[in-house]
Amino acid sequence: MKSSSTSFKAACLFALAGLGMGIGMAASQDHSLMPAHAHLNLLGWVSLFLFGVYYRLHPALETSRLAMTQIVVWSVGTTFLTVAVAALHLGHTAFEPVAAVSALLLFGSLGLFTVLVFRSGSPAQAATRVMTAAE
Ligand code: HEM
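Residues numbered from 1 in each chain as written. Predicted model: local features only at pLDDT ≥ 70, side-chain atom pairs only at ≥ 80, totals over all residues. Heavy atoms only, no water.

## Describing the coordination of the iron atom of the ligand
Put simply, the ideal angle at a metal is 109.5 degrees for four donors in tetrahedral geometry and 90 or 180 degrees for six donors in octahedral geometry. Where we set the bar: Only nitrogen, oxygen and sulfur atoms qualify as donors, and only when within 2.8 Å of the metal (3.2 Å in the case of Na, K and Ca); with water excluded, sites may look incomplete. Note on conventions: DSSP H or I runs of at least 4 residues are helices, E runs of at least 2 residues are strands, and numbering of each starts at the N terminus.
There is one protein donor for the iron atom of the ligand, namely His-37 (NE2), at 2.0 Å. Within the secondary structure, His-37 is located in helix α2 (residues 34-57).

## What to know about the packing of helix α1 (residues 3-28) against helix α3 (residues 65-89)
Applied cut-off: Simply put, an axis is a line fit to the C-alpha atoms, just over the touching stretch for a helix, and the angle between two N-to-C directions goes from 0 to 180 degrees. Roughly parallel means an angle under 35 degrees; roughly antiparallel, over 145; roughly perpendicular, 65 to 115; everything else is oblique. Here a residue-residue contact requires only that any non-hydrogen atoms of the pair lie within 4.5 Å. By the convention adopted, Pro, Cys, Tyr, Trp, Phe, Met, Ile, Leu, Val and Ala count as nonpolar, Lys, Arg, Asp and Glu as charged, and the other residues, Gly among them, as polar.
Running from N to C, α1 and α3 point in directions that differ by 10°, and their axes come no closer than 9 Å. Put simply, α1 runs roughly parallel to α3. Counted together, Ser-3, Thr-6, Ser-7, Ala-10, Phe-14 and Met-21 of α1 and Ala-67, Met-68, Ile-71, Ser-75, Thr-78, Thr-79 and Thr-82 of α3 form the full contact between these two elements. Within the contact of α1 with α3, the residues separate by chemical class into six nonpolar, seven polar and no charged.

## A few points about the UniProt feature "transmembrane region" (unreviewed entry) in the protein
Put simply, the rule is: UniProt positions are given in the numbering used here, feature names are shortened, and annotations may be inferred rather than shown by experiment.
Mapped onto the present numbering, the UniProt feature "transmembrane region" (unreviewed entry) falls at residues 36-55, 67-91 and 97-118. End C-alpha atoms of residues 36-55 are separated by 27 Å, and the span's content is 100% helix alongside 0% strand. Here residues 97-118 is 100% helix and 0% strand, with 31 Å between the C-alpha atoms at its ends.

Encoded structure:
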């Protein structure tokens, strides 16, 4: 599967979970999970969708194993960070190591994305490279 499609599909699943959590908070009038909801929506929906847009604009990255790794690590980090932030705000301090490891996963994934961005140049250059390779 292409890296952009994977990003868009995962982003939609995170958005469904994030919006569901928001509706649950609003309905119950208990906003104690608000930090988890905010992280889930911003990391899982907004950021992941933006990664997908970047990969769609750079066709050479669509089949890149590094790009796919970046998305998978980001998704795993988002899932565990959301659970850890929710647990910590409910008073379960044992989840601190989970928050720390997932934050490092997200940091590593963003580092990888940064490398891909610096290496990939403009969309026009990327399209030229793909067309040249196809000829
Ligand atoms: C069905 C859709 C949504 C519902 C029902 C919902 C509901 C809520 C509720 C009840 C709060 C707590 C507000 C408070 O206690 O002050 C909240 C906070 C927040 N939500 Fe959502 N939300 C939704 C979608 C989103 C989306 C799509 C995003 C981001 C892309 C988002 C980002 C945030 C953020 C950043 C906060 C924290 C705001 C603050 O610090 O005051 N939410 N949301």
